[in-house]
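# Observations on the model geometry
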Amino acid sequence: MKVCSLFCGIGGIDLAFEKAGHEIVWANDNDKFACMTYRHNFQNTTLVEADIRYIDKSSITDCDIVTAGFPCQSFSVCGKQKGFNDERGNLFFEVSKVIDAKQPQIVFLENVANLTEHDNGKTFNVIHNELAGRGYYIRYIIADACDYGVPQHRTRTYIVAFKDKSACDNFRFPEKVPLEKRITDIIDTSVKADESYYYSPDEPKYARLQKAIVDAKQLYRFSDWGIQSSKDGIAFTLKANMGTYPNRVPIIKDDFGIRDITPIECLALQGFPTTFTFPDTVHERERYKQAGNTVCVSIVNKILERLICHFILAM
């Protein structure tokens, strides 16, 4: 099936669709650094780097599926929650315009968990009505990545909308699975990282970290309340602010010292494959931002296993 990816970022959703055997025929994002990383990893995809509001929707390549990880800051409990009163919140309606122009069989959306609760449910009702009013049948789930095989607490809303009612009726989101991997199964603490990631014993923070790190199988980070620790070997939610505030980057104690985890290790905790890399042109602060701003690839993989199977059976 042919996929158009809106607000593609670095391509977390797109990786999952490619793994499921589908072709990303057109993608769009307005962040120049995210586009650098996207082009580096999706060299055969047409990527339009532009504000979606100013793109002629009829010029977008025809597709079977439209995906969108539309901006979440307006709906997140970590933001000001202005919703559709925020310019970024209003970008959801650009997705509706693309749907009108392309008439895809499936729409796949991802956003923060708070999307369903924002403004006492009114925001989600608007999104639901936008899709239903266009003849789509909708299912959604609020899912935490650690319930689907990834050792990170990352709760997100996933919405799947079908043109075909029988496909929707037959579709079920994947069941939760026991978590078999922990942080240290993803991050190899026996391999030394680049020296630049390690804290020097001479740094003021080092003594505080040395005292706080009582379990080398956990991640730690500075927070507004002190040094925060993960629990049960499951990482706390990776956030885009890792790129803005360096002390928000998770910290681990390995066999060689105390250090920040690397951007690539952040991607690994998002379920990205080892083949996915950053181009040299992207500064490290942007790498951290991108790693915290993307989707958990593994959970999208599991949803797509069910999604495509049921869609094909219904046709």
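Of the strand pairs in this sheet, strand S10 (residues 251–254) and strand S11 (residues 257–260) are connected by 4 bridges, and their pairing is antiparallel. Across the sheet, aspartate 254 pairs through a bridge with glycine 257, a residue of S11. Where S10 hands over to S11, the hairpin turn is made up of 2 residues, counted between the paired strands.

Bringing the environment of leucine 238 into the picture now. Tracing the backbone through its elements, the reader meets leucine 238 in the loop between strand S9 (226–229) and S10. Residue class for leucine 238 comes out buried when judged on its relative accessible area of 1%. Note: C-alpha distance between leucine 238 and proline 250 (12 residues apart in sequence) is 8.1 Å. Residues in contact with leucine 238, not counting those within four places in the same chain, are Gln152, Arg154, Pro250, Cys266, Leu269, Gln270 and Gly292.

Right, let's talk about the sheet that holds strand S6 (residues 137–144) for a bit. Here we have 7 strands laid out as an open sheet, ordered S3-S2-S1-S4-S5-S7-S6, and mixed in their pairing. Unpaired on one side and paired on the other, strand S3 (47–49) and S6 mark the two borders of the sheet. The mean inter-strand angle of the sheet, taken between neighbouring strand axes irrespective of direction, is 15°. Strands in contact with helix H1 (residues 12–19) are strand S1 (2–6), strand S2 (23–29), strand S4 (65–68) and strand S5 (106–112); relative to S4, the strand with the most contacts, it is inclined by about 145°. Lying over the sheet, helix H2 (residues 32–41) contacts S2 and S3, oriented at roughly 165° with respect to S3.

This part covers the state of the cysteines. Counted under the stated rule, the structure contains 0 disulfides. Cysteine cysteine 146 remains unbridged, with the sulfur of cysteine 296 as its closest cysteine sulfur at 9.8 Å. With no disulfide of its own, cysteine 266 lies 13 Å from the sulfur of cysteine 296, the closest cysteine sulfur. Taking the relative accessible area as the measure of exposure, cysteine 266 reaches 0% and is therefore buried.

Rules behind the numbers
- Residues numbered from 1 in each chain as written.
- Predicted model: local features only at pLDDT ≥ 70, side-chain atom pairs only at ≥ 80, totals over all residues.
- Heavy atoms only, no water.
- Pairing = 2+ DSSP bridges.
- Helix = DSSP H or I, 4+ residues; strand = E, 2+ residues; numbered from the N terminus.
- Buried < 20%, exposed > 50% of the residue type's maximum accessible area, 1.4 Å probe, protein only.
- Contact = heavy atoms within 4.5 Å.
- Axes fitted to C-alpha atoms, helices over the stretch in contact; angles between N-to-C directions.
- Disulfide = S-S within 2.5 Å.

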